[in-house]
Amino acid sequence: MTKYFNILTRSIKLYLTLLIISTGVIIYGTLFPVDYKISSSLAGLDKVVHFIMFGAWAFFYGIIRFLKDKFTLYPVFLVGGAFGLTIEFLQYLLPTGRSPEFMDFIADISGTGMAILFLFILTKKVPEFNPDTAS
């Protein structure tokens, strides 16, 4: 094992903390009531926020799986997609003044997919994240 992988391995608590924080931020940012209107000039910005937040969330989840020697990526995509779909469904059910949007879900899936791509590249470039070469 390399020095850097030892640092990453010792940082599993950091990634778990980041995953918990990002989960809380997503839940707060998408499910808590709002009483303001977004200006039309910022209307598409929420899709960028969805993309970034779900991408970060999926990255943290994927890194935790790698550090626990679970090298498959499809569960990261499935859980990330299910999380995004659940958020949109809860927006429909809860009286928060928010409305579910299909494009929010697409942004969630896209961010998760980008994290999967980044994690895939990581498995090819960093031997400790490749199940064939990790020891």
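Along each chain, residue indices are assigned from 1 in the same order as the chain's sequence is written. In keeping with the model being predicted, local features are shown solely for residues with a pLDDT of at least 70 and side-chain atom pairs are shown and tallied solely at 80 or more, while totals for entire chains, interfaces and linings include all residues. The side-chain quantities take in all heavy atoms of the structure and omit both hydrogens and water.

Digging into the packing of aromatic side chains
In summary, the pairing rule links any two rings of Phe, Tyr or Trp, Trp by its six-membered ring, whose centres are within 6.5 Å, and it sorts them by plane angle into stacked for under 30 degrees, edge-to-face for over 60 and tilted for everything else. This structure, assessed with the given rule, holds 6 aromatic pairs. Their ring planes at 50° and their centres at 5.4 Å tell us that Phe54 and Phe83 sit as a pair that is tilted. In this pair, Phe54 sits in helix 3 (residues 45-67) while Phe83 sits in helix 4 (residues 74-93), placing the two residues 29 residues apart along the sequence. Classification of Phe54 as buried rests on a relative accessible area of 1%. Among the aromatic residues, those joined into a ring-pair cluster are Phe54, Trp57, Tyr61 and Phe83. A run of H or I in DSSP becomes a helix once it reaches four residues, and a run of E becomes a strand once it reaches two; helices and strands are each numbered from the N terminus. Exposure is judged per residue with a 1.4 Å probe applied to protein chains only, and the accessible area is read against the type maximum: over 50% gives exposed, under 20% gives buried, and values in between give partly exposed.

Focus: the packing of helix 3 against helix 4
The geometry of a pair of packed helices is captured by two quantities: the angle between their axes and the separation between those axes. Helix axes are fitted only over the stretch in contact, all axes being lines through C-alpha atoms; the angle between N-to-C directions runs from 0 to 180 degrees. The contact between helix 3 and helix 4 brings their axes to 10 Å, and the two run at 140°. When the axes of helix 3 and helix 4 are compared, the pair comes out oblique. Here the hand of the crossing between helix 3 and helix 4 comes out right-handed. Contacts from His50, Phe54, Trp57, Ala58, Tyr61, Gly62 and Arg65 in helix 3 reach Pro75, Val76, Val79, Gly80, Phe83, Gly84, Ile87 and Glu88 in helix 4. Partitioning the contact of helix 3 with helix 4 into residue classes produces 9 nonpolar, 4 polar and 2 charged. Note on terminology: angles under 35 degrees are roughly parallel, angles over 145 are roughly antiparallel, angles of 65 to 115 are roughly perpendicular, and the others are oblique. Handedness of each helix crossing follows the sense of rotation of the near helix against the far helix: counterclockwise by less than a right angle gives left-handed, clockwise gives right-handed. It only takes one pair of heavy atoms within 4.5 Å for two residues to be counted as in contact. Classification convention: Asp, Glu, Lys, Arg as charged; Ala, Val, Leu, Ile, Met, Phe, Trp, Tyr, Cys, Pro as nonpolar; all other residues, Gly among them, as polar.

Considering a nonpolar patch on the surface
On the surface, a nonpolar cluster with roughly 780 Å² of combined accessible area is contributed by Leu45, Val48, Val49, Phe51, Ile52, Met114, Leu117, Phe120 and Ile121. Residue assignment for the nonpolar patch shows that the elements contributing at least two residues are helix 3 and helix 5 (102-125). Per-element tally for the nonpolar patch: the top contributor is helix 3, with 5 residues. Within the secondary structure, Leu117 sits in helix 5. The patches described consist of residues with a relative accessible area above 30% and no salt bridge, like charges being joined within 9 Å and nonpolar side chains (Val, Leu, Ile, Met, Phe, Trp, Tyr) within 5 Å. The Shrake-Rupley method, run with a 1.4 Å probe, gives the accessible areas here. Residue values count only the displayed protein chains as cover. By definition, a salt bridge exists where a carboxyl oxygen of Asp or Glu is found within 4 Å of a side-chain nitrogen of Lys or Arg.

A word on helix 4
To estimate how far a helix should reach, multiply one less than its number of residues by 1.5 Å. Taking 1.5 Å of rise per residue, the 20 residues of helix 4 would be expected to cover 28 Å, and the 28 Å separating its terminal C-alpha atoms lies within 8% of that figure. Where helix 4 is concerned, the buried positions are Pro75, Val76, Gly80, Gly81, Phe83, Gly84, Ile87, Glu88 and Gln91. Next to the buried residues of helix 4 lie helix 2 (12-31), helix 3 and helix 5.

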